[in-house]
Amino acid sequence: MNCTVNIARDTYWLGASDRRLARFENLFPLTRGVAYNSYLILDEKTVLLDTADYAVGRRFFENLAGLLNGRPLDYVVVHHMEPDHAATLSQLLDNHPETIVVCNAKTLAMIGQFFAIDLNGRAQLVAEGGELCTGAHTLRFMMAPMVHWPEVMVSYDTLTGALFSADAFGSFGALEGDLFTNKADFIQNWLPESRRYYANIVGKYGAPVQALLKKAAGLDIRLVCPLHGPLWKQDIDYLVGLYDIWSRYEPEARTVAVLYASMYGHTEAAAVRLSELLTERGVAGVTVHDVSSEDTSWLIAEVWRCSHLVLAAPTYNGGLYPAMENLLADMKALTAQNRTVGLVENGSWAPASGKAMRAALDGMKNMTVLEPVVTIKSAAAAAQEQALAQLADVLAADLARN
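The paragraphs below set out a description of the structure included in this document. Throughout this description, residue numbers start from 1 for each chain and increase along the sequence as written. It should be noted that, the model being predicted, local features are given only for residues of pLDDT at least 70 and side-chain atom pairs only at 80 or more, the latter also being counted only at that level, while totals for whole chains, interfaces and linings use all residues. Note: side-chain values were computed over all heavy atoms of the structure, leaving out hydrogens and water.

1. Considerations on the overall build of the chain
Runs of E in the DSSP output that reach at least two residues are strands. Runs of H or I that reach at least four are helices, and both are numbered from the N terminus. For the chain, the count of helices and strands is 13 helices and 25 strands. Principal axes of the C-alpha set define a box for the chain whose edges measure 80 × 40 × 35 Å. Residues classed as buried in the chain amount to 57% of the 402 residues present. Contacts are assigned to residue pairs that have any heavy atoms within 4.5 Å of one another. Excluding contacts between residues fewer than 6 apart, the proportion of contacts in the chain whose partners are at least 24 apart in sequence is 73%. Accessible surface computed for the chain: about 16200 Å², of which carbon and sulfur atoms make up 51%. Under the counting rule used here, the positive set is Lys and Arg, the negative set is Asp and Glu, and His together with the chain ends is not counted. A charged residue contributes its charge at one atom only: NZ of Lys, CZ of Arg, CG of Asp or CD of Glu. If you average the places of the 32 positive and of the 44 negative side-chain charges in the chain, the two averages end up 3 Å apart. In this scheme, a residue with accessible area under 20% of its type's maximum is buried, one over 50% is exposed, and one in between is partly exposed, where area comes from a 1.4 Å probe on protein chains only. Note on areas: these come from Shrake-Rupley sampling with a 1.4 Å probe, and a residue is covered only by the protein chains present in the view.

2. Observations concerning the pairing of strand β20 (residues 287-290)
Alignment of strand β19 (residues 253-260) against β20, held across four bridges, turns out to be parallel. By the bridge assignment, Val-258 is partnered in β20 with Val-288. We call a crossover right-handed when, viewed with both strands directed away from the observer, the connection leading from the first strand over the helix to the second proceeds clockwise. Between the parallel elements β19 and β20, the chain passes through helix α9 (residues 266-280) in a crossover that is right-handed. Criterion used throughout: strands pair if DSSP finds at least two bridges between them.

3. A word on the pairing of strand β8 (residues 46-49)
Because side chains alternate across β8, one face comprises the buried residues Thr-46 and Leu-48, and the other comprises Val-47 and Leu-49, equally buried. One ladder, built from four bridges, connects strand β7 (residues 39-42) with β8; its direction is antiparallel. Looking at the pairing, Leu-42 lines up with Thr-46 of β8. Hairpin connection of β7 to β8: three residues between the antiparallel strands. Where β8 meets strand β9 (residues 75-77), three bridges bridge the pair, whose relative direction is parallel.

4. Quick word on the side chain of Arg-196
When you line up the elements, Arg-196 lands in helix α6 (residues 191-202). A residue is classified by how much of its surface remains accessible, and Arg-196, at 0% relative accessible area, is buried. Excluding anything up to four places from it in sequence, Arg-196 contacts Phe-28, Pro-29, Leu-30, Phe-172, Ser-297, Trp-298 and Ala-301.

5. A word on the sheet that holds strand β11 (residues 123-125)
Judged by pairing direction, the sheet is mixed, and its seven strands sit side by side in the order β1-β2-β7-β8-β9-β10-β11 without closing on themselves. Each end of this open sheet is capped by a strand with a single partner; those strands are β1 (5-8) and β11. Within this sheet the neighbouring strands show an average axis-to-axis angle of 25°, counted without direction. Here β1 pairs with strand β2 (residues 11-13) via three bridges, running antiparallel. Looking at β2, one finds that Val-5 is bridged to Trp-13. Axis definition: a line fitted to C-alpha atoms, limited for helices to the stretch in contact. Angles are taken between N-to-C directions and run from 0 to 180 degrees. Helix-sheet contacts for helix α1 (residues 57-68) involve β2, β7 and β8, and the interaxial angle to β7 is about 10°.

6. Remarks on a nonpolar patch on the surface
Here the term patch refers to residues with relative accessible area over 30% and no salt bridge, with like charges joined within 9 Å and nonpolar side chains (Val, Leu, Ile, Met, Phe, Trp, Tyr) within 5 Å. A pairing counts as a salt bridge when a side-chain nitrogen of Lys or Arg comes within 4 Å of a carboxyl oxygen of Asp or Glu. Taken together, the side chains of Met-263, Tyr-264 and Tyr-316 define a hydrophobic patch exposed on the protein surface, amounting to about 360 Å² of accessible area. Here Tyr-264 is to be found in the loop between β19 and α9.

7. Overview of the packing of aromatic side chains
Within 6.5 Å between ring centres, the rings of Phe, Tyr and Trp (the latter by its six-membered ring) count as paired, and their orientation is classed by plane angle as stacked under 30 degrees, edge-to-face over 60, tilted in between. One pass over the full model with this rule turns up 16 aromatic pairs. Taking 6.3 Å as the distance between ring centres and 40° as the angle between the ring planes, the aromatic pair formed by Phe-28 and Phe-172 counts as tilted. Here Phe-172 lies in the loop between β15 (162-164) and β16 (180-181) and Phe-28 lies in strand β5 (residues 28-29), a separation of 144 residues in the sequence. With a centroid separation of 6.4 Å and 45° between ring planes, the pair formed by Phe-114 and Phe-115 is classed as tilted. Residue classification places Phe-115 among the buried positions, given a relative accessible area of 14%. Through a chain of ring-to-ring contacts, the aromatic side chains of Phe-24, Phe-28, Phe-172 and Tyr-197 assemble into a single cluster. Two conditions define a charge located above a ring, namely a distance within 6 Å from the ring centre to NZ of Lys or CZ of Arg, and an angle within 35 degrees of the ring normal. The lysine or arginine in question, Lys-233, covers the ring of Phe-180, its NZ or CZ lying 4.1 Å from the ring centre.

Limitation: the analysis is restricted to geometry and does not speak to function.
This is the structure:
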């Protein structure tokens with residue numbers, strides 16, 4: 001059974017969703033699966049925009065054969081060589097010896113790294129501003145290096161206003177019925193997974209994303225076609241605005257995420273009590289997260305969402321509890337920045353986790369640590385209740401000021 005959708009003039013979606021994959025890149029847990037999007041333009045010349053992952057290869061090739069209906073495949077455009085989009089490229093070229101690969105020079109080199117195939121005479125190289133005319137349609141190419149690999153490019157169809165955006169504007173999650181989203185649907189059904197996707201997959205590369213947004217600003221974009229997640233034909237300004245905020249490392253919400261690690265529950269108790277004190281002071285939307293049980297990808301998404309963070313952790317082997325150490329390492333690797341942070345440390349005889357957390361934050365850009373740093377020895381007593389209240393006061397006042 002062919003599952004394809006006409007999304008614009010002569011333009012079809014022929015992707016598929018994988019609802020069985022447990023972890024994206026064997027790292028990020030998928031509770032709702034993931035979609036692999038591919039597109040086909042049936043013009044005087046036929047052009048396929050990216051292939052698909054092996055996991056959905058059978059459906060992808062069935063969809064492609066159904067749409068071509070015996071026509072040759074003239075071109076395949078490779079926007080991004082990561083295997084979740086290009087794993088079936090070699091098989092495609094075996095099936096269609098007539099097909100010309102349209103790519104940039106960096107992509108061509110990567111194709112040779114992944115596949116032992118000879119593209120001599122079968123590759124058409126494009127660079128910034130290059131075009132491919134297929135008849136009524138003209139694809140204009142823009143390089144988007146490090147969004148999120150160095151070879152990435154995007155293309156814009158001057159006829160339909162479709163932006164084929166590679167991994168930009170993507171999301172975790174399988175598609176369900178309607179391919180398209182809009183602002184209201186996105187906020188209700190897609191925003192958390194899209195934020196998690198951005199923060200963990202693309203988040204490190206804010207400056208390259210900003211460069212791509214500047215290029216796209218001059219285009220009349222009427223359709224956004226990412227390689228993962230839903231497509232957009234409404235509220236595109238909202239989507240671009242989100243990417244602008246995320247790529248400038250600015251928070252979506254002025255609120256507090258309390259991120260704690262706890263061995264026996266005492267640090268957890270202090271973290272929960274602090275969240276209660278913040279709520280009592282009128283801080284809305286406070287969230288509390290156990291860094292030992294919640295996947296780091298969701299914690300990173302909260303770091304991107306919230307303006308203020310509280311990190312609470314025990315001392316472990318004279319240093320920092322490993323789960324918190326891992327979170328801070330991931331924050332640094334993804335270039336998290338521009339946040340205000342409160343610290344709560346615990347240690348039964350020589351508390352050192354506060355110093356370790358501060359040192360990790362010092363290695364990031366524009367991370368403001370508030371005073372007081374709350375120190376607990378084993379379990380919170382009256383003095384620590386007072387210190388937690390002081391920290392809650394400082395956090396609430398800082399949120400009110402800005």
